[in-house]
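Fold and geometry: a report
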Number of protein chains: 2
Amino acid sequence: MNSPHIVSSFDSDLEAIQAHVVRMAGLVEDAVRKSVRALSDRDVALAKQVREGDRAIDELEELIKVETAQVIALRAPAAIDLRVVLATLAISNNLERCGDYAKNIAKRTPTLVDLPQIRETQGALNRMEAMVREMLSDATDSYIHRDVERATQVIARDVDADEMYNNLFRSLLTHMMEDPRNIAAGMHLHFIAKNIERMGDLATAIAEQTIYLVTGELPDEDRPKSDVTATES
Amino acid sequence: MNSPHIVSSFDSDLEAIQAHVVRMAGLVEDAVRKSVRALSDRDVALAKQVREGDRAIDELEELIKVETAQVIALRAPAAIDLRVVLATLAISNNLERCGDYAKNIAKRTPTLVDLPQIRETQGALNRMEAMVREMLSDATDSYIHRDVERATQVIARDVDADEMYNNLFRSLLTHMMEDPRNIAAGMHLHFIAKNIERMGDLATAIAEQTIYLVTGELPDEDRPKSDVTATES
């Protein structure tokens, strides 16, 4: 069963699937960037574009699911290859969820455009988005190049993303307490900040899957978490 | 390759996996119930129990993933059987995410215990939780019994869950505007309400997977959504 023919068929199937993952990651990073830029520029048309673009991401995930199942069914991959296939499936699911978060952010833009702006927080959101998008990009690269070192760095950076979220949460709270007219916008912006923070978690999950794929072991799940808003006020 | 022996091996493998899904669904429903009860009773110990219990749910999902991959690799199931296996994998992922939401709710309990209580909203949270938990239970049942009728009912009920969330959002907003001391608690409670609403979405996703599994087609994704807080202020 280990003839060179079958092995190379598996490899070329896997390469085709990985090409889909790369394309999907590109679409997701674009959606993330545009969702926060639409908010920053109060650009409702751009937000609509992000919402509508999510379908293409969902369709790619569906395609990856189907092709993954076919590879498993046709090639009956052995332990290590099966691990790669399952990690790929998990990574594409993480990317799809990131796309959903970008869509959720875009959905709130029309509402926020009609509310008083809390200008001081937009810069923080932009910085957080840029950072998380880089984490996503590096996580996908680490997967494609089976680069455990880079994956480990992505995981380490999640603490910074969590810290940025915590600071933003406190800042929003202050603005809302100072002026009740900020409350509605503050609640929506809090949501958006949390969605970006969760994208960081998903980038981390992709990095963890990469490590699993290379080493066969998932990193310790008890790494320190730094979203303290849930345990502090 | 279609000897009765292989077919029945597939069926018994699938039954074993389905038993894991049922067990997982039971743990998730329990976690959902306890997470909101801990909040209602301001019971930090119960919240801790929910947080710690999430590991068992994650482990079951991991087990289902591994056994699913083995079934595909060993039995090379044909089109329809492969669809069942993939739907099962997706359903267990949806249940795992529900467990994460319950854990997220439980994480906020210690914070909320130290903040002034917004009593009027707890009843609404309890009703929403009871409704979504029933949706989850019915969605899992519809999967086990391949019951498209019941799955369709679950999908229809998601509109009610969304409506309950919208009302709660407005109620929280009012309480926060009336008294700034409610702002911190209001932000956390908004999160909890949204997490419960998302569990309703996941129950709906399970019902949709059930319909896919039986009919081979996913229901139309353009069904009306009723979370209007993202598009209205």
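Let me sum up the structure you'll find in this document. What you see is a predicted model, and the numbers here were worked out from it, not measured in a lab.

Conventions we followed
- Residues numbered from 1 in each chain as written.
- Chains lettered and ligands numbered in written order.
- Predicted model: local features only at pLDDT ≥ 70, side-chain atom pairs only at ≥ 80, totals over all residues.
- Heavy atoms only, no water.
- Core = buried A, V, L, I, M, F, W, Y, C linked by side-chain atoms within 4.5 Å.
- Buried < 20%, exposed > 50% of the residue type's maximum accessible area, 1.4 Å probe, protein only.
- Contact = heavy atoms within 4.5 Å.
- Buried area = accessible area lost by both parts, 1.4 Å probe.
- Salt bridge = Lys/Arg side-chain N within 4 Å of Asp/Glu carboxyl O.
- Polar contact = N/O pair within 3.5 Å; in protein donor to acceptor, adjacent residues only side chain to side chain.
- Helix = DSSP H or I, 4+ residues; strand = E, 2+ residues; numbered from the N terminus.
- Least-squares fit on C-alpha atoms with pLDDT ≥ 70 in both.
- Axes fitted to C-alpha atoms, helices over the stretch in contact; angles between N-to-C directions.
- Parallel < 35°, antiparallel > 145°, perpendicular 65-115°, else oblique.
- Left-handed = near helix turned anticlockwise from the far one by under 90°.
- Nonpolar A, V, L, I, M, F, W, Y, C, P; charged D, E, K, R; others polar.
- Phe/Tyr/Trp six-rings, centres within 6.5 Å; stacked < 30°, edge-to-face > 60°.
- Lys NZ or Arg CZ within 6 Å of the ring centre and 35° of its normal.

Further remarks concern the nonpolar core. Core analysis: the biggest nonpolar cluster contains 142 residues, and Leu95(A) and Leu95(B) have the highest contact counts within it. Beyond its immediate sequence surroundings of up to four residues, Leu95(A) is in contact with Val21(A), Met24(A), Ala25(A), Val28(A), Leu136(A), Thr140(A) and Ile206(A).

So, on to the interface of chain B and chain A. Listed as interface residues are 44 residues of chain B and, on the opposing side, 43 residues of chain A. Surface buried jointly by chain B and chain A totals about 3,700 Å² across both partners, of which 65% is contributed by carbon and sulfur atoms. At the junction of chain B with chain A, the criterion picks out zero salt bridges. Linking chain B to chain A there are zero residue pairs in polar contact (both at pLDDT 80 or more). With 11 residues, helix H6 (residues 183-215) of chain B is the single largest residue contributor to the side of chain B that touches chain A.

With an axial shift of 0.0 Å and an RMSD of 0.0 Å, the rotation relating chain B to chain A amounts to 180 degrees. Classification of the inter-copy transformation places it as that of a two-fold axis. In this assembly, 98% of the residues forming the interface of chain B have copies in chain A that are likewise at the interface, indicating an isologous arrangement.

What follows deals with the packing of helix H4 (residues 119-144) of chain B against helix H5 (residues 148-178) of chain B. All names here are of chain B. In the contact formed by H4 and H5, the axes pass within 10 Å of each other and the chain directions differ by 165 degrees. The angle between the axes of H4 and H5 places the two elements in the roughly antiparallel class. As for how H4 packs across H5, the hand of that crossing is left-handed. When its residues are assigned to classes, the contact of H4 with H5 shows 14 nonpolar, four polar and nine charged.

Moving on: unusual backbone geometry. Of note, the phi angle at Arg146(A) is positive, near 50 degrees, even though the residue is not glycine. Assignment of secondary structure puts Arg146(A) in the loop between helix H4 (119-144) and helix H5 (148-178). Despite not being glycine, Arg42(B) has its phi angle at roughly 50 degrees, a positive value. With respect to the secondary-structure elements, Arg42(B) resides in the loop between helix H1 (4-40) and helix H2 (44-75).

Geometry of an aromatic ring pair is reported as the spacing of the ring centres plus the angle between the planes. On inspection of all chains with the given rule, the structure shows three aromatic pairs over all chains. Geometrically, the ring pair formed by Tyr165(A) and Phe169(A) is tilted, given 6.3 Å between the ring centres and 40 degrees between the ring planes. Here Phe169(A) and Tyr165(A) lie together in helix H5, a separation of four residues that amounts to about one turn. Taking the relative accessible area as the measure of exposure, Tyr165(A) reaches 0% and is therefore buried. Classification of Phe169(A) as buried rests on a relative accessible area of 1%. When the ring of Phe191(A) is compared with that of Phe191(B), the centres are 5.2 Å apart and the planes differ by 10 degrees; the resulting orientation is stacked. Here Phe191(A), found in helix H6 (residues 183-215), pairs with Phe191(B), found in helix H6, and the two come from separate chains. Summarising the burial analysis for this pair, Phe191(A) and Phe191(B) share the class buried. Over the ring of Phe191(A) we find Arg108(A); its NZ or CZ atom is 4.4 Å from the centre of that ring.

Residues and elements named next belong to chain B. Closest axis-to-axis distance for the H5/H6 pair is 9 Å, and the angle between their directions is 170 degrees. As the angle between them shows, H5 and H6 are arranged roughly antiparallel. A per-class count over the contact of H5 with H6 returns 18 nonpolar, seven polar and six charged.

Let's shift gears to the environment of Asp30(B). Positionally, Asp30(B) belongs in helix H1. Along the backbone, Asp30(B) and Val50(B) are 20 residues apart, and their C-alpha atoms lie at a distance of 8.7 Å.

Glancing now at the environment of Asp147(A). Residues and elements named next belong to chain A. Structurally, Asp-147 is set in the loop between H4 and H5. Each C-alpha atom, one on Asp-147 and one on Ala-69, is 25 Å from the other, the two residues being 78 residues apart in sequence. Beyond its immediate sequence surroundings of up to four residues, Asp-147 is in contact with Ser-142 and Thr-210.

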